[in-house]
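What follows is each chain in one-letter form.
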Amino acid sequence: MTKPLGLASDHAGLELKRALLTELEKRGIAVRDFGTHSSESCDYPDFAHATARAIEAGEIDCAILVCGTGVGMSIAANRHAAVRAVVCSEPLSARMSRQHNNANVLCLGARVVGTGTAIDIVEAFLGAAFEGGRHAGRVARINTV
Ligand code: RB5
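None of these values were measured; they are calculated from a predicted model.

J.: Would you explain the nonpolar core in this entry?
T.: One recurring pattern in soluble globular proteins: nonpolar side chains tend to sit buried together. Counting 22 residues, the largest nonpolar core has Leu 20, Ile 64, Leu 106, Leu 108, Ile 121 and Val 122 as the members making the most contacts within it. Examining the composition of this core, we find that 6 residues originate from one element, helix H5 (residues 115–126), more than from any other. When near neighbours in sequence (up to four residues on either side) are disregarded, Val 122 contacts Leu 20, Leu 24, Ile 64, Leu 106 and Leu 108. Within the second largest apolar cluster, 19 residues are counted, among which are Ala 8, Phe 34, Cys 67 and Met 73.

Below you can see the structure in the form of structure tokens.
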């Protein structure tokens, strides 16, 4: 990975975000942290949009967003045409979302998955690559609304 990996959460995802940051740094993965940085209540769309805008600007290619369920983050991030965000609670979907859907944002629910499962999901996501081929045309059609 040449660009840093984006990482962000709201207050509900803060603890898991911090745990993931530690794990990613242990693995030598450069991370750009878009917040939040305190446990004070905040609004997940602010962090999803800030991260998505960095993808649109070409500053990052991929990101991980954490909120209570991962759902709000994914809905907000997917409003950006350059984003294909997925909520995953197990590794298979995370891997397939990269291989078949060329997902570039992984959303996690801190109230849904434990830290160990979250790390497995992140490893599956980051360890997989888009297969292209028959999937390329399908992914290209996602934005033809
Ligand atoms: C915050 O309470 C919660 O609504 C948020 O973290 C997220 O789960 C929304 O989808």
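There is more to say, and it comes next.
J.: Looking at this model, I keep getting lost on the site of the ligand. Mind explaining?
T.: With respect to spatial proximity, the complete set of residues near the ligand consists of Asp 10, His 11, Ala 12, Tyr 44, Cys 67, Gly 68, Thr 69, Gly 72 and Arg 111. Between an oxygen atom of the ligand and a main-chain N or O atom of Gly 68, the distance comes to 2.8 Å. At 3.0 Å, a backbone N or O of Thr 69 approaches an oxygen atom of the ligand. Within the complex, the protein chains bury 72% of what would otherwise be the 290 Å² of accessible surface of the ligand. Grouping the amino acids of the shell around the ligand by side-chain chemistry returns 3 nonpolar, 4 polar and 2 charged.

The rules behind these values
Residues numbered from 1 in each chain as written. Predicted model: local features only at pLDDT ≥ 70, side-chain atom pairs only at ≥ 80, totals over all residues. Heavy atoms only, no water. Core = buried A, V, L, I, M, F, W, Y, C linked by side-chain atoms within 4.5 Å. Buried < 20%, exposed > 50% of the residue type's maximum accessible area, 1.4 Å probe, protein only. Helix = DSSP H or I, 4+ residues; strand = E, 2+ residues; numbered from the N terminus. Contact = heavy atoms within 4.5 Å. Near = heavy atom within 4 Å. Polar contact = N/O pair within 3.5 Å; in protein donor to acceptor, adjacent residues only side chain to side chain. Areas by Shrake-Rupley, 256 points an atom, 1.4 Å probe, with all protein chains shown as cover. Nonpolar A, V, L, I, M, F, W, Y, C, P; charged D, E, K, R; others polar.

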